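# Tertiary structure, described
Residues per chain are reported as follows:
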Amino acid sequence: MSNDLATTLHGIVDRVGTELILPGSGVPPIKFMPLAPLQRQIRGLFPGTRGISAEVIRKCLEHAKLGPHQAVTMAKLVTDASGNTGLVLDLDRPLKPGEKFQWIVMRGYFVERGEVLQRTMYLPPLSSVMDLSPPNAVPRDDELRGELAAIARVWQPSAASQSAARTALQLITAITKQRLPGMGVTVEVFGSRRYGLCKSSSDIDLVMHLDPVYKRRPTDMAIIGPMLRNALRRMAEFGMVVWLGHARVPIIKFTFVHEGVEYEGDISFNNDLGPTKTRMLQAYMRVDPRVRPFMMLLKHWGDVRHITNSNVLNSFGLMMMGLAFLIDRRVVPPLQLLATLESTAHAPGYIPEVFAPGAPEVGAYSQHRCICSYDDLPEHNVDGHECYYFCDEDALDRWQSLSKTPVYALLYE
């Protein structure tokens, strides 16, 4: 690993932080503690301290009320030009000419003399782990399936939560039609609640489609938005209701109380892009039964490590990265590069075997051409974005991937 890359990675984890979940039952999460945030405590506790010894770290952790078993510290094993190695706990110490280093993660176990006691893991360069094969997980198959089932229960909304989403949808639809008689109104759920990978507490994301013309005049959201906001505020089930008319897509944010539980939600107006992305994800989940649990594990991984948030990477972005990986591993075909029946000469429901031995790589063609027939893909423009994807449900149901890699091995990769 180059020093520049290592420095960049350290900067990322320093700002983000994470939690390391140890294997085994009953083991609590271990908080990740980069060294840099400890600098302020060290200067306050030990004025004049220049380096960071293991003993100093131990005292800082105790002062922060984090026991040694609750914290993880990053260090580096430095090798000089003569081949001599040494443990450097101060991450801010610059490397001297000719020095190289390797990251080390130490769980905070220390002996009284300040020496590191076991629990040390050496991190290899990134290039050395890219092509590692997953460990043989067959002996643990039942255990892993049990863990998958337990996580699935977390990412399946309860009956009460599903009822709350349906009730909010019905009330908002009814009040809109009442306030705008004669206006064509449709309201639908989209996002994680639509494709079924959400928690009971997840937001209720709704999109409302309105006729572009109402009473012979162009529909004016500057009037309709505040009117709906005021109508919802007068309903007992809704708490906070805010109209955001200057956003890229006009939106109403609200809180909704159902059976004593409060949910957050929003209504976006004439937002076709969100539902289109939702339907595309549903299509990929339909292609192969591994997609849904794989995406669930990705979301769970990002959630427990506090990675998926607006400041780092949203859930949809993480799922798109996972989808690109599944296409690369030939678990699913690239639906955005497959043509519809109109541009192929095959029977209805046909999906070409784009991953057959000797087939060209996915990225070998223009994104606007079918990967098999080379015909131009149909245009499907949504809000200024080209959103075409192959969505013949009968064909998707018949797809058979040549890859048989189980979900947990895919996640490891």
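Residues numbered from 1 in each chain as written. Predicted model: local features only at pLDDT ≥ 70, side-chain atom pairs only at ≥ 80, totals over all residues. Heavy atoms only, no water.

As recorded in an unreviewed UniProt entry, the protein goes by Poly(A) RNA polymerase mitochondrial-like central palm domain-containing protein and comes from Coemansia biformis.

### Description of the overall build of the protein
In terms of helices and strands, the protein carries 13 helices and 15 strands. Scored against the burial criterion, the 413 residues of the protein give a buried share of 42%. In the protein, of all internal contacts separated by at least 6 residues, the share reaching a separation of at least 24 is 60%. Entry remark: accessible area of the protein is about 23100 Å², with carbon and sulfur atoms responsible for 54%. (Helix = DSSP H or I, 4+ residues; strand = E, 2+ residues; numbered from the N terminus. Buried < 20%, exposed > 50% of the residue type's maximum accessible area, 1.4 Å probe, protein only. Contact = heavy atoms within 4.5 Å. Areas by Shrake-Rupley, 256 points an atom, 1.4 Å probe, with all protein chains shown as cover.)

### Considerations on unusual backbone geometry
Of note in this structure, Arg-216 is not a glycine but carries a positive phi near 65°. For Arg-216, a relative accessible area of 84% corresponds to the exposed category. Phi at Asp-383 is positive, roughly 50°, even though this residue is not glycine. Mapped onto the secondary structure, Asp-383 falls in the loop between β14 (381-382) and β15 (385-386).

### Details of empty space enclosed by the protein
Counted according to the given criterion, the structure contains 1 cavity of 30 Å³ or more. What lines the largest cavity is Ile-172, Ile-175, Thr-176, Met-208, Leu-228, Leu-232, Ile-252 and Ile-267. In terms of residue class, the lining of the largest cavity is made up of 7 nonpolar, 1 polar and no charged. (1 Å grid on protein atoms, 1.4 Å probe; cavity = no way out; pocket = protein on both sides within 12 Å on 5 of 7 lines; lining within 4 Å. Points joined across faces, edges and corners; volume = space filled by probe spheres on them. Nonpolar A, V, L, I, M, F, W, Y, C, P; charged D, E, K, R; others polar.)

### A few points about the environment of Val-354
Turning to its location among the elements, Val-354 is positioned in the loop between α11 (315-328) and β14. Along the sequence, Val-354 and Val-332 sit 22 residues apart, while their C-alpha atoms lie 9.8 Å from each other.

### Focus: the nonpolar core
One finds Tyr-284, Phe-294, Leu-326, Val-332 and Leu-335 to be the most contacted residues of the largest nonpolar core, which totals 41 residues. Put simply, the parts of the chain that give this core at least two residues each are α5 (141-154), α9 (273-287), α10 (291-304), α11, α12 (393-398) and α13 (407-412). Ignoring any residue separated from it by four or fewer positions in sequence, one finds Leu-335 in contact with Ala-283, Tyr-284, Val-287, Tyr-388, Tyr-389, Phe-390 and Leu-396. Residues Met-221, Leu-228, Trp-243 and Ile-252 belong to the second largest nonpolar core, which totals 30 residues. (Core = buried A, V, L, I, M, F, W, Y, C linked by side-chain atoms within 4.5 Å.)

### Some remarks on a nonpolar patch on the surface
A cluster of nonpolar side chains, Met-240, Val-242 and Leu-244, forms an exposed patch at the surface whose accessible area comes to about 210 Å². Locating Leu-244 in the fold gives a position in strand β11 (residues 238-244). With a relative accessible area of 34%, Leu-244 lands in the partly exposed category. (Patch = residues over 30% accessible without salt bridge, like charges linked within 9 Å, V, L, I, M, F, W, Y side chains within 5 Å. Salt bridge = Lys/Arg side-chain N within 4 Å of Asp/Glu carboxyl O.)

### So, the pattern of salt bridges
Applying the stated criterion across every chain, the model contains 8 salt bridges. The partner of Arg-194 in a salt bridge is Glu-188, and the shortest N-O contact between them spans 3.0 Å. Judged by its relative accessible area of 37%, Arg-194 is partly exposed. One salt bridge connects Glu-393 with Arg-286, and the closest N-O pair in it is separated by 3.3 Å. Residue Glu-393 is located in helix α12, and its partner Arg-286 is located in helix α9; the two are separated by 107 residues in the primary sequence.

### Quick look at the pairing of strand β8 (residues 204-210)
A regular strand places its side chains so that they alternate between the two faces of the sheet. Buried residues dominate β8, accounting for 7 of its 7 residues. What you see with β8 is no split at all: Ile-204, Leu-206, Met-208 and Leu-210 on one side and Asp-205, Val-207 and His-209 on the other are buried throughout. Two strands pair when backbone bridges link them, and strand β7 (residues 185-189) and β8 are joined in this way by 5 bridges, in the antiparallel orientation. Looking across to β8, one finds that Thr-186 is bridged to His-209. Sheet topology note: the β8/strand β13 (residues 261-269) ladder contains 5 bridges and is parallel. When the bridges of β13 are listed, Ile-204 appears paired with Gly-265. (Pairing = 2+ DSSP bridges.)

### Details of the side chain of Asp-205
Relative to the assigned elements, Asp-205 resides in strand β8. In this structure Asp-205 is buried but unpaired, with Lys-253 as the nearest side chain of opposite charge at 6.9 Å. (Lys, Arg positive; Asp, Glu negative; His and termini not counted.)

### Overview of the layout of surface pockets
If you add up the space inside the second largest pocket, you get close to 980 Å³. For the second largest pocket, the lining is made up of 30 residues, of which Gly-191, Ser-192, Asp-205, Ser-315 and Phe-316 are closest to its centre. At the level of secondary structure, the elements contributing two or more residues to the lining of the second largest pocket comprise α7 (192-195), β13, α9, α10 and α11. By residue number, the principal contributor to the lining of the second largest pocket is α9, which donates 5 residues. The class makeup of the residues in the lining of the second largest pocket is 9 nonpolar, 13 polar and 8 charged.

### So, the sheet that holds β8
Overall, mixed pairing links the 5 strands, which are arranged β7-β8-β13-β12-β11 in an open sheet. Each edge of the open sheet is held by one strand with a lone partner, namely β7 and β11. Across the sheet, the mean angle from the axis of one strand to that of its neighbour is 20°, orientation sign disregarded. In this sheet, β13 lies alongside strand β12 (residues 251-258) in antiparallel orientation, the contact comprising 8 bridges. Residue Phe-254 lies in a different strand from β13, and its bridge partner there is Gly-265. The sheet strands contacting helix α8 (residues 221-233) are β8, β11, β12 and β13, and the helix crosses β11 at an angle near 170°. (Axes fitted to C-alpha atoms, helices over the stretch in contact; angles between N-to-C directions.)

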